[in-house]
Amino acid sequence: MTSRYQAPFAPGGSAPIDRALAERLLAVALEQGGDYADLFFEYAVNGSYGYDEGLLKSAGRYVTMGLGVRVMQGDATGYAYVESLDWDALTHAARTASQIARGGKSVAPVALTSQTLPVRYPVVQHSLDVEGVAKRALLERADRAARALDERIVKVTASLNEELREILVATSAGHFAWDSQPLVRFGVNVIAEAGGKRQTGSSGGGGRTGMEYLETHTPEAHAAEAVRQALAMLDAREAPAGEMEVVLAPGDSGILLHEAVGHGLEADFNRKKTSNYADAIGQQVASELCTVVDDGSLMSGRGTINVDDEGYTPTSSTLIERGRLVGYMQDQHSAKFFGVTPTGNGRRESFRSAPMPRMTNTLLLNGESDPDEIIQSVKRGVYARKFGGGQVDITNGDFVFSLTEGYLIEDGRITAPLKGVNLIGNGPDVMRKVAMLGNDMAVSDGIWTCGKDGQSVPVGVGCPTVKISAMTVGGTDLGG
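In this report, we go over the structure that sits alongside the text.

Reading the values: the criteria
Residues numbered from 1 in each chain as written. Predicted model: local features only at pLDDT ≥ 70, side-chain atom pairs only at ≥ 80, totals over all residues. Heavy atoms only, no water. Helix = DSSP H or I, 4+ residues; strand = E, 2+ residues; numbered from the N terminus. Rg over C-alpha atoms; globule rule 2.2 N^0.38 Å. Buried < 20%, exposed > 50% of the residue type's maximum accessible area, 1.4 Å probe, protein only. Contact = heavy atoms within 4.5 Å. Areas by Shrake-Rupley, 256 points an atom, 1.4 Å probe, with all protein chains shown as cover. Polar contact = N/O pair within 3.5 Å; in protein donor to acceptor, adjacent residues only side chain to side chain. Disulfide = S-S within 2.5 Å. Phe/Tyr/Trp six-rings, centres within 6.5 Å; stacked < 30°, edge-to-face > 60°.

## Let's talk about the overall build of the chain
From N to C terminus, the chain includes 10 helices and 25 strands. In terms of overall dimensions, the chain is globule-like: its C-alpha atoms have a radius of gyration of 24 Å, near the 23 Å expected for 480 residues. Taking the principal axes of the C-alpha coordinates as reference, the chain spans close to 70 × 55 × 30 Å. Classification of the 480 residues of the chain by burial places 56% in the buried group. Taking the intrachain contacts of the chain between residues at least 6 apart in sequence as the baseline, contacts between residues at least 24 apart amount to 75%. Carbon and sulfur atoms make up 48% of the accessible area of the chain, which amounts to about 18,900 Å² in all.

Spelled out as structure tokens, the structure:
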């Protein structure tokens, strides 16, 4: 707990919410009927700092606080939220959400039981407790380091974003869980210029941690990585076009798995049969080399949570085991539909939104191949080191991703840097074409945020070196 900020609904706060009050409010939410209800109290403090052209150009901090009430009856959902902890306001929100169930059966909530949660994000020093001048000094260090590394660096920007989110979840199923979720992200972007060419480079990271993150991942290290990428890409040539072998670097390449496969494994899409993986449990959906998990228990990971926004503690859920589909990521509602236990994947952006199945840290696990042997096995192909933006059709898994750093592989060696590389394919098809899997699985340093139905949540991705036997490369060099 930071010494400066405390949720008003916390014990000792100005408007504490205990089990008795939560039970009374749940009873109000279900007084018109309904078969399930939950309360989601949230207090969040966010801060941001932006450094540009040698100056701290922006700094901000804001606090949000409120309660979201959900009442469910079958597939119907009533939802209301309020930004006050006044009892009249709370009960008004509960009665508003309950209107969806008006006239239905009345189901009494069970007694709430306080949950003991794991400790997955121990923090030495909360970022919110550190003065702004110290954070500005970190950004200045990144700026100085990047400019000192090479005279071709003509522009540097750096940023620090921080959040502390305190939540209290109470449900008619008996959950009563409290969690305090820190989040830090540090980033550096540079532009290198030479011979009339300009290229960008970036580096960032963080997770559910405190300022100690920047002691092991220093501003100078992030600056050096951003500069390395920008300088390497100054010599980039046009990318080849056509179908060829593609090797994905470990770590950040897991974003391709997240977008092209992970969303299709979220249970709501399968309950509605809008996913390519609907009704495919037990079927071979990927190469036998592939085992995919969603693991919300990684220590200090960006997507890690002690408890989801419905009161369930996620562990490591196996989704695909040696190529066979074995499960989906479940929230409370979808789990009831499928007759399984919730996997702790019910997440929401804030108290203003209802939860739904979301990824936490989605990982493709290790194979047995040496990464060097994977590269050496490729006659001509593309090495994808860093990904930029992309587009995915969740209904069928079709995707287009652009690379911010990619290289040509020729005769088993990584050679020329490439620009304008797009990878075009289909998620399930690519998973079947995984031909080699490295033994160097890495988790991305915490930079990714996932969007779904207008809600954003922090997530983690990870994978080892992956060789895909064929993928369409959308380059501009048609001569090969």
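## Topic: the side chain of Gln-455
With respect to the secondary-structure elements, Gln-455 resides in strand E23 (residues 455–458). Judged by its relative accessible area of 9%, Gln-455 falls in the buried class. Side-chain polar atoms of Gln-455 contact the backbone oxygen of Ala-354, separated by 3.1 Å. When near neighbours in sequence (up to four residues on either side) are disregarded, Gln-455 contacts Arg-347, Arg-348, Glu-349, Ser-353, Ala-354, Met-356, Arg-358 and Cys-450.

## Considerations on the state of the cysteines
By definition, a disulfide links the sulfur atoms of two cysteine residues through a covalent bond. Using the criterion set out here, one finds zero disulfides in the structure. Here Cys-290 is not disulfide-linked; the sulfur of Cys-463 is the nearest cysteine sulfur, at 10 Å. Overall, the relative accessible area of 0% leaves Cys-290 in the buried class. On the accessibility criterion, Cys-463 (3% relative accessible area) is buried.

## Focus: the packing of aromatic side chains
One pass over the structure, following the stated rule, counts seven aromatic pairs. Here Phe-387 and Phe-401 contribute two aromatic rings whose centre-to-centre distance is 5.9 Å and whose plane-to-plane angle is 85°, an arrangement assigned as edge-to-face. Here Phe-387, found in strand E16 (residues 380–393), pairs with Phe-401, found in strand E17 (residues 398–410); they are 14 residues apart in sequence, far enough to count as distant. Each member of the pair Phe-387 and Phe-401 is classed as buried.

Geometry only, nothing functional implied.
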